[in-house]
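Coordinate inspection notes
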Amino acid sequence: MHARAALFDLYGDHLRSRAGQASVAALVRLMKPLEIAAPAVRTAVSRMVRQGWLRPVRLPQGAGYGLTPKCVRRLDEAALRIYRAGTLTWHGRWHVIVLEPVKERPRRERLRADLTFLGYAALSETTWIGPRSSIELDNLLEGVGVRADRFDSALEGDPRELVARAWDLTAIGEAYEQWHAEAVTLISTLPESAPDDQVFAARSRLVHGWRNFLFRDPGLPPELLPAGWPGEKARAYFEQEAARLLPAAAAFVDRELI
């Protein structure tokens, strides 16, 4: 796990519900079970500040960093899909975005990565679809400086054919199967009497692997997925083990935040 990704996971999984801030010293301690050294933590934090995800704060324990509104929105969007922290319903309509052309390659690649994270897929260079609108879309487009027309649309045709063109469900399904096998191995090797820091590390790796599906799986409604979709089996395992390991992991976080 890279330091920046691990910090995003830490803030989203634990610190978001604990005032969204921590001292630098606490961040270093919390990253230690993941074998991330202090210099890497400080470098990642500095980068996240420059990118507008974190802001410096003064805490009783010393200098620290808290979430920016931009980061809160990103973590809330992620939690909705990671933990089903809300009802993801589909009414048979698609959110369609038609972007103005972006000539600069860095802006174009950033836009593509961010839209994919939010659950959209490209039908062409400028036309994207998603099963629902995203609360982050306005801020994303503003940040990249791109104008877009948006439509709440019904498809004339078979939605499964559209899904097959927009997303590679075979590859996503295979990725779920691989994640599930690796997750079972990870959890089965955790001793029953493992200390809290070891449980925290195992759960962090479990969440990190699952969070990566935000970049691949848009959260399509069940009626558009193949029978026996491997994502459901993987999700059931993730939810079961993430909940089972949470008390010990949370105890470690609470102890290190003091």
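From a predicted model like this one, the values you see are computed outputs, not experimental measurements. (Residues numbered from 1 in each chain as written. Predicted model: local features only at pLDDT ≥ 70, side-chain atom pairs only at ≥ 80, totals over all residues. Heavy atoms only, no water.)

This brings us to the packing of helix H8 (residues 169-188) against helix H9 (residues 196-211). Between H8 and H9, the least distance of the axes is 11 Å, while the angle of their chain directions is 180 degrees. Between H8 and H9, the angle falls in the class roughly antiparallel. Residue-level inspection shows Tyr-176, Trp-179, Ala-183, Leu-186 and Ile-187 of H8 in contact with H9, the latter providing Ala-202, Arg-205, Leu-206, Gly-209 and Trp-210. For the contact of H8 with H9, a count of residues per class yields eight nonpolar, one polar and one charged. (Axes fitted to C-alpha atoms, helices over the stretch in contact; angles between N-to-C directions. Helix = DSSP H or I, 4+ residues; strand = E, 2+ residues; numbered from the N terminus. Parallel < 35°, antiparallel > 145°, perpendicular 65-115°, else oblique. Contact = heavy atoms within 4.5 Å. Nonpolar A, V, L, I, M, F, W, Y, C, P; charged D, E, K, R; others polar.)

Attention shifts here to the domain arrangement of the protein. The domain architecture assigned to the protein consists of domain 1 (3-71), domain 2 (93-154) and domain 3 (168-257). Each partner contributes residues to the interface: domain 1 has 14 residues there, and domain 3 has 17 residues. For the domain 1 and domain 3 pair, buried surface summed over both sides reaches about 1,400 Å², with 59% attributable to carbon and sulfur atoms. It is Asp-9, Arg-18 and Leu-30 that lose the most area in domain 1 upon contact with domain 3, and together they represent 35% of the buried surface on that side. Summed over the shared surface of domain 1 and domain 3, the number is four salt bridges. The shortest N-O distance in the salt bridge between Arg-211 and Asp-9 comes to 2.5 Å. On inspection of domain 1 and its partner domain 3, the count reaches six residue pairs in polar contact (both at pLDDT 80 or more). For the side of domain 1 that touches domain 3, the elements supplying multiple residues, two or more each, are helix H1 (3-13) and helix H2 (24-31). It is H1 that provides the largest number of residues to the side of domain 1 that touches domain 3, a total of four residues. (Domains from an automatic or database assignment. Buried area = accessible area lost by both parts, 1.4 Å probe. Salt bridge = Lys/Arg side-chain N within 4 Å of Asp/Glu carboxyl O. Polar contact = N/O pair within 3.5 Å; in protein donor to acceptor, adjacent residues only side chain to side chain.)

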